[in-house]
Amino acid sequence: MKILAIETSCDETAIALVDAKGGVKQPRFKIEKNLVASQIKIHRPFGGVVPNLAKREHLKNLPILFKKLMASGYSLNPDLIAVTVGPGLEPALWTGINFAKELHKKLKIKILGVNHLEGHLYSPKLEGNKNLDFPAIALIISGGHTILLNVKNMASWKKIGETVDDAVGECYDKTARLLNLPYPGGPEIEKLAKDGDPNTIQFPRPMIHQKNYDFSFSGLKTSVLYFFRENKNEEFVKKYKLSKTPEKISKADIAASFQQAVFDVLTIKTLRAVKEIKAKSLIIGGGVAANRSLQKAFKKKIKKENLKLNLFIPSPKFCTDNAAIIAAAGYISFLKNKKMALKAQANLNL
Ligand code: KG4
Ligand code: ZN
């Protein structure tokens with residue numbers, strides 16, 4: 001089945017054409033085209049995504065990407081149109097939904113609304129046809145979400161935890177702003193941290209020892225803010241268990257120490273869930289999963305704990321927003337006969 005997918009939930013305008021086969025337990029995907037027009041440069045001067053600018057850019061970019069798809073020689077005969085209906089920025093979501101509805105009318109093709117978060121969940125299935133063994137734990141870490149799922153099979157899962165405040169990507173972006181780094185902050189912090197020592201500052205690891213699978217990241221960002229503001233006296237050195245004198249601490253040390261706190265929380269809580277349900281696979285998806293240092297932290301901890309676990313992390317272009325992941329989620333929805341209202345649902349969850 002050929003699926004034309006459209007994604008406009010945030011600051012990437014994306015259209016993809018994906019060939020999908022197989023049943024709900026073992027779907028197979030062949031990506032024919034995956035086009036993304038990034039708006040990062042437009043939003044960068046504002047330090048974050050401006051919803052109405054995003055809408056304007058989606059309106060401009062959707063027809064351009066669609067023309068590009070046609071020009072690449074694909075006869076447009078998809079069997080299904082899949083479009084993101086949420087979660088995301090409402091004005092941005094509507095542009096994709098309206099565009100998809102028009103195509104649906106013009107081409108007389110079936111249309112399905114898709115939950116963007118399901119796209120991140122299914123993203124590792126887009127590459128290769130490796131079998132995912134179940135049960136699995138899935139960690140979705142993006143700009144708007146931090147969610148832990150107990151996945152029974154490709155079509156059935158249960159949320160076991162999520163952030164009670166900021167998402168981990170949001171925490172990266174806000175902390176980057178404190179460090180005077182441009183938007184989006186995730187890749188910038190990762191780059192800067194390479195020159196720093198992650199053991200310089202002991203930032204808090206919120207909720208790390210709580211038995212539940214929820215997360216909290218707003219306190220970590222605040223702690224970085226206080227770190228700049230506080231008097232650099234003896235108490236300060238003790239509080240953060242500094243490994244060097246305050247004058248010697250660089251921005252790179254702060255970035256590396258910040259990342260270490262994030263990695264500790266994510267790896268410890270996720271692997272605790274893995275052990276509890278005796279998971280055979282771990283899926284990590286969403287923009288923050290593109291972080292190579294985070295991937296290394298997971299691999300190291302899995303090895304250290306001697307866990308027999310298949311780790312599935314998509315390559316960076318399938319971690320961040322794109323429409324191929326929406327096609328994958330659309331296909332599973334189609335197989336499950338799951339229908340969603342074709343209207344923007346900004347706060348949709350899993
Ligand atoms: O999944 P995504 O593209 O969009 C949402 O659905 O939110 O995720 C975007 C988020 C941003 O917060 C961005 O800073 C973060 O993912 N991100 C990263 C990296 N690349 C993107 N965070 C940490 N390290 C990265 N390399
Ligand atoms: Zn996303």
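Cut-offs applied
Residues numbered from 1 in each chain as written. Chains lettered and ligands numbered in written order. Predicted model: local features only at pLDDT ≥ 70, side-chain atom pairs only at ≥ 80, totals over all residues. Heavy atoms only, no water. Pairing = 2+ DSSP bridges. Helix = DSSP H or I, 4+ residues; strand = E, 2+ residues; numbered from the N terminus. Axes fitted to C-alpha atoms, helices over the stretch in contact; angles between N-to-C directions. Contact = heavy atoms within 4.5 Å. 1 Å grid on protein atoms, 1.4 Å probe; cavity = no way out; pocket = protein on both sides within 12 Å on 5 of 7 lines; lining within 4 Å. Points joined across faces, edges and corners; volume = space filled by probe spheres on them. Nonpolar A, V, L, I, M, F, W, Y, C, P; charged D, E, K, R; others polar. Near = heavy atom within 4 Å. Polar contact = N/O pair within 3.5 Å; in protein donor to acceptor, adjacent residues only side chain to side chain. Areas by Shrake-Rupley, 256 points an atom, 1.4 Å probe, with all protein chains shown as cover. Sits in = over half its atoms within 2 Å of the grid points. Buried < 20%, exposed > 50% of the residue type's maximum accessible area, 1.4 Å probe, protein only. Core = buried A, V, L, I, M, F, W, Y, C linked by side-chain atoms within 4.5 Å. Disulfide = S-S within 2.5 Å.

1. Here we look at the sheet that holds strand β2 (residues 12–21)
If you walk across this open sheet you meet the five strands as β3-β2-β1-β4-β5, and the pairing is mixed. Looking at strand neighbours, the two that pair on one side only are β3 (28–38) and β5 (110–115), the edges of this open sheet. Across the sheet, the mean angle from the axis of one strand to that of its neighbour is 20°, orientation sign disregarded. Direction of pairing for strand β4 (residues 80–86) relative to β5: parallel, over a ladder of six bridges. Among the inter-strand pairings, Ala-82 is bridged to a residue of β5, identified as Leu-112. Those strands touched by helix α3 (residues 90–107) are β1 (2–7), β2, β4 and β5, and its axis lies near 160° from that of β4. Those strands touched by helix α12 (residues 324–336) are β1, β2, β3, β4 and β5, and its axis lies near 110° from that of β5.

2. Description of the layout of surface pockets
Looking at the largest pocket, its volume works out to about 1,100 Å³. Considering the residues around the largest pocket, the lining is formed by 42 residues, among which Cys-10, Ser-142, Gly-143, Gly-144 and Tyr-183 are closest to the centre. Mapped onto the lining of the largest pocket, the elements with two or more residues apiece are β3, α4 (116–122), α5 (168–178) and α6 (185–193). In terms of residues, the lining of the largest pocket owes the most to one element, α5, which gives six residues. In terms of residue class, the lining of the largest pocket is built from 17 nonpolar, 17 polar and eight charged. The volume enclosed by the second largest pocket comes to roughly 470 Å³. In terms of lining residues, the second largest pocket is bounded by 19 residues, among which Gln-260, Phe-263, Ser-293, Ala-297 and Lys-300 are the most central. Listing elements by their share of the lining of the second largest pocket, those giving two or more residues are α6, α9 (251–277) and α10 (292–304). Broken down by class, the residue content of the lining of the second largest pocket amounts to six nonpolar, five polar and eight charged.

3. Quick look at the sheet that holds strand β6 (residues 136–141)
As summarised here, the arrangement of the five strands in space is β8-β7-β6-β9-β10, forming an open sheet in which the pairing is mixed. Each end of this open sheet is capped by a strand with a single partner; those strands are β8 (156–162) and β10 (310–312). Direction aside, neighbouring strands of the sheet carry axes that sit 20° apart on average. In terms of strand pairing, β6 meets strand β9 (residues 281–285) through five bridges, oriented parallel. Looking across to β9, one finds that Ile-137 is bridged to Leu-282.

4. What to know about the site of ligand 1
Looking at ligand 1, there are 20 residues lining it, with Gly-143, Asp-173, Glu-190, Gly-287 and Asn-291 nearest. The contact in question runs from an oxygen atom of ligand 1 to an N or O atom on the side chain of His-120, over 3.1 Å. One nitrogen or oxygen atom from the side chain of Asp-321 is found 3.0 Å from an oxygen atom belonging to ligand 1. Burial of ligand 1 by the surrounding chains reaches 88%, relative to a free accessible area of 560 Å². In a pocket analysis with a 2 Å cut-off to the grid points, ligand 1 is assigned to the largest pocket. Counting only elements with at least two residues in the shell around ligand 1, the list comes to α4, α5 and α6. Considering each element in turn, the shell around ligand 1 owes the most residues, four residues, to α6.

5. With respect to the pairing of β1
Counting buried positions over the six residues of β1 gives five, a clear majority of the element. Across six bridges, the pairing between β1 and β2 is antiparallel. Across the sheet, Ile-3 pairs through a bridge with Val-18, a residue of β2. With antiparallel pairing between neighbouring strands as the criterion, β1 and β2 make up a hairpin whose turn holds four residues.

6. Notes on the nonpolar core
Counting 50 residues, the largest nonpolar core has Phe-203 and Leu-266 as its most contacted members. Elements that contribute at least two residues to this core include exactly β6, α5, α6, α7 (218–229), α9, β9 and α10. Top contributing element to this core by residue count: α9, with 13 residues. Residue contacts for Leu-266: discarding those within four places in its chain leaves Leu-139, Ile-141, Thr-146, Val-168, Phe-215, Phe-217, Leu-294 and Phe-298. In this structure, Val-114, Tyr-122, Leu-126 and Ala-136 belong to the second largest nonpolar core, which totals 37 residues.

7. Focus: the state of the cysteines
A complete count under the given rule lists zero disulfides for this structure. Cys-10 provides the cysteine sulfur closest to Cys-319, a residue in no disulfide bond, and the two sulfurs are 16 Å apart. Note on Cys-319: relative accessible area 0%, which makes it buried.

Don't take any of this as a statement about function, it's just geometry.
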